[in-house]
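# Per-entry structural report
Here's the letter readout for the chains.
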Amino acid sequence: TAVGGTRSAAEQTLSLTPVASTGALDGIRTISSGGKSIDNPNHSTTAGTQLVIWTSNTGANQKWQFTRQADGSYEVKNVESGMCADVDGGSVAAGAKIIQWTCSGGTNQRWTAAAQSDGTYTLTSVKSGLLLTATASTNGTGLTQQAVSASAVQKWQIQ
């Protein structure tokens, strides 16, 4: 029997459709939106400090180590403090603060990064399913977790 049997050439032609590939985000990154970056305020080394947005700069307090976990989510650790982005108290409620805390591997310290069609990402808490959100664009605005709103305050450039 010939290769392809009785199938015509057209029946043996594959059509490939490219899909977006974000690749792994592992490594040191900045997380920003509209010229503001996620910031460890005042270079804090205190567990429980709420993370904020601040005008982007080159400070280590705005650099984050992304480490991919076995489930595909990421631990996101501040380069300067060595603490992880954490949903305060492991809360599953909208409005809970995003703080820095000693890294524990808990699901409230793991984030899924979903690529959006505009090149940004949403960051979702593995524990709560809520999105990392800056509710305003002014310096010092504290980060919280909120339900999906598809607004710019939930879309982040990860570079």
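Nothing here was measured: the structure is a model prediction, and the numbers come from that model.

### Description of the overall build of the chain
- For the chain, the count of helices and strands is zero helices and 13 strands.
- Secondary structure elements in the chain, listed N-terminal to C-terminal, are β-β-β-β-β-β-β-β-β-β-β-β-β.
- Every one of the 159 residues in the chain was classed for burial, and the buried ones make up 39%.
- Considering only contacts in the chain between residues 6 or more positions apart, those separated by 24 or more positions represent 51%.
- Accessible surface for the chain amounts to roughly 8,300 Å². Of this, 52% is attributable to carbon and sulfur atoms.

### A closer look at the state of the cysteines
- Summed over the entire model, instances satisfying the criterion amount to one disulfide.
- The partner cysteine of Cys84 in its disulfide is Cys103, sulfur to sulfur 2.0 Å. Of note, the bridge from Cys84 to Cys103 carries an S-S torsion of about 100° and is right-handed in sense. Here Cys84, found in strand β7 (residues 84-87), pairs with Cys103, found in the loop between β8 (98-101) and β9 (110-115); they are 19 residues apart in sequence, far enough to count as distant.
- On the basis of relative accessibility, which here comes to 0%, the residue Cys84 falls in the buried class.
- Given the relative accessible area of 26%, Cys103 is considered partly exposed.

### Here we look at empty space enclosed by the protein
- Going through the model one piece at a time under the given rule, you end up with one cavity of 30 Å³ or more.
- A volume near 60 Å³ is recorded for the largest cavity.
- Forming the walls of the largest cavity are Ile31, Ile38, Leu51, Trp64, Val76, Ala85, Ile98, Trp111, Leu123, Leu132 and Leu143.
- Along the lines of polarity and charge, the residues of the lining of the largest cavity split into eleven nonpolar, no polar and no charged.

### A few points about the sheet that holds strand β3 (residues 36-39)
- Ordered by their spatial adjacency, four strands build an open sheet running β4-β3-β2-β13, and the pairing between neighbours is antiparallel. Looking at the sheet topology across the chains shown, the edges are occupied by β4 (52-55) and β13 (157-158).
- Bridge analysis of strand β2 (residues 31-33) against β13 gives two bridges, and the strand direction is antiparallel. What sits directly across from Ile31, in β13, is Ile158.

### Structural notes on the pairing of strand β11 (residues 131-134)
- Of the two faces of β11, the one carrying Leu131 and Thr133 and the one carrying Leu132 and Ala134 are both buried.
- Pairing of β11 with strand β12 (residues 143-146) involves four bridges; the strand directions are antiparallel. For Thr133, the partnering residue across the bridge sits in β12 and is Thr144.

### Comments concerning the pairing of β9
- Here strand β6 (residues 74-78) pairs with β9 via two bridges, running antiparallel. Residue Tyr74 lies in a different strand from β9, and its bridge partner there is Trp111.
- Taken together, the five bridges between β9 and strand β10 (residues 121-125) define a ladder with antiparallel strand orientation. Across the sheet, the residue bridging to Trp111 is Ser125, located in β10.
- Adjacent in sequence and paired antiparallel, β9 and β10 are bridged by five residues, among which Gly119 carries a positive phi angle near 90°.

Cut-offs used in this document
Residues numbered from 1 in each chain as written. Predicted model: local features only at pLDDT ≥ 70, side-chain atom pairs only at ≥ 80, totals over all residues. Heavy atoms only, no water. Helix = DSSP H or I, 4+ residues; strand = E, 2+ residues; numbered from the N terminus. Buried < 20%, exposed > 50% of the residue type's maximum accessible area, 1.4 Å probe, protein only. Contact = heavy atoms within 4.5 Å. Areas by Shrake-Rupley, 256 points an atom, 1.4 Å probe, with all protein chains shown as cover. Disulfide = S-S within 2.5 Å. 1 Å grid on protein atoms, 1.4 Å probe; cavity = no way out; pocket = protein on both sides within 12 Å on 5 of 7 lines; lining within 4 Å. Points joined across faces, edges and corners; volume = space filled by probe spheres on them. Nonpolar A, V, L, I, M, F, W, Y, C, P; charged D, E, K, R; others polar. Pairing = 2+ DSSP bridges.

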